[in-house]
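A structural walkthrough
Take a look at the letters that make up each chain.
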Amino acid sequence: MTRDGSARAFVVDSRAIVNDAIKYHGTTPTASALLGRTLTAASMMGTMLKDKGNSLTINIRGDGPAKNVIAVSDYAGNVKGYIENPLVDIPKKSNGKLDVSGAIGRGTLSVTKDIGLKEPYSGTINLVSGEIAEDITQYFAVSEQTPSLCALGVLVDRDYSCLAAGGVLVSLLPFASEETISALERNASRLANISRLFADGMSTLDVMNIALDGVEYDIFDELDVAYVCDCSKERCARALISLGRGEVENIFAECRAENKPEEIQFECHFCDKKYLFSKDEALKLFDK
């Protein structure tokens, strides 16, 4: 937080998060950059939530080959994510950079916050550039009326692993001073290639010092964040029960008619874990 109360700032080194996403989804470099930037943004935005149990979801839908990207964060910045087409492979831009905007195309970005109310809060904007950072900035400006600065970056190595990744999010508070705003604007250009800053060995504190150069600030919290999927067989069991006994019995009847094993399998989109329910196991859930 800046000492004059003008802004709050977040910095995350998300290399480990992106590498876990690559491991789970087998993404191409372009898909890794797209999903990685979205996960990085979600992690920082998640830490803005107030209470344990709150969650935030970023959903990007486009007409490009990547189709749909989802990132979910808890209040501590832990994230999980999904990209509909992890094998999206399009040519690089003329400057040699991965074409993230081309992968997602034109579409929308939605942010949904589940903060324990009867209905979740949701805001949606049209994508500005598809590069994600500019779109997050636009979301804050339009849906939350909060001027913000966002920088996101994912640097993919030759072996398709993530060499470096990170993000900065600076959010202005009401009655921000002109001096602080001017300093933040001056510093913004130095964050244009944020993944390179981390690749060159900078820490989150080093990057924060760049973002807030010329502005006094205090650190209020430091969190270890990770790619965390909270799927479980118990959650799948609740989903199965929600189908109703009649529908579940119909599924087993179809399996029998098609000469297939009488079982129901759930597959987690976020970590690819599979959960299997036999007929006896499934029907016992309704007996309970």
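Residues numbered from 1 in each chain as written. Predicted model: local features only at pLDDT ≥ 70, side-chain atom pairs only at ≥ 80, totals over all residues. Heavy atoms only, no water.

Along its length, the chain carries 10 helices and 10 strands. When the 288 residues of the chain are sorted by exposure, 47% land in the buried category. Intrachain contacts of the chain at a sequence separation of at least 6 include 64% that bridge at least 24 residues. Working note: accessible area of the chain is about 15,000 Å², and carbon and sulfur atoms make up 49% of it. (Helix = DSSP H or I, 4+ residues; strand = E, 2+ residues; numbered from the N terminus. Buried < 20%, exposed > 50% of the residue type's maximum accessible area, 1.4 Å probe, protein only. Contact = heavy atoms within 4.5 Å. Areas by Shrake-Rupley, 256 points an atom, 1.4 Å probe, with all protein chains shown as cover.)

What follows deals with unusual backbone geometry. Although it is not a glycine, Ile-132 adopts a positive phi angle of roughly 80 degrees. Secondary-structure assignment places Ile-132 in the loop between strand 6 (121-126) and helix 4 (133-143). Positive phi, close to 75 degrees, is recorded for Tyr-160, a residue that is not glycine. Here Tyr-160 shows up in the loop between strand 7 (148-156) and strand 8 (162-172). Residue classification places Tyr-160 among the partly exposed residues on the basis of a relative accessible area of 46%.

On to the pairing of strand 1 (residues 7-13). Most of strand 1 is tucked away: five of the seven residues are buried. In the sheet, strand 1 pairs with strand 8 via seven bridges, with the strands oriented antiparallel. Paired with Val-12 across the two strands is Gly-167, which belongs to strand 8. (Pairing = 2+ DSSP bridges.)

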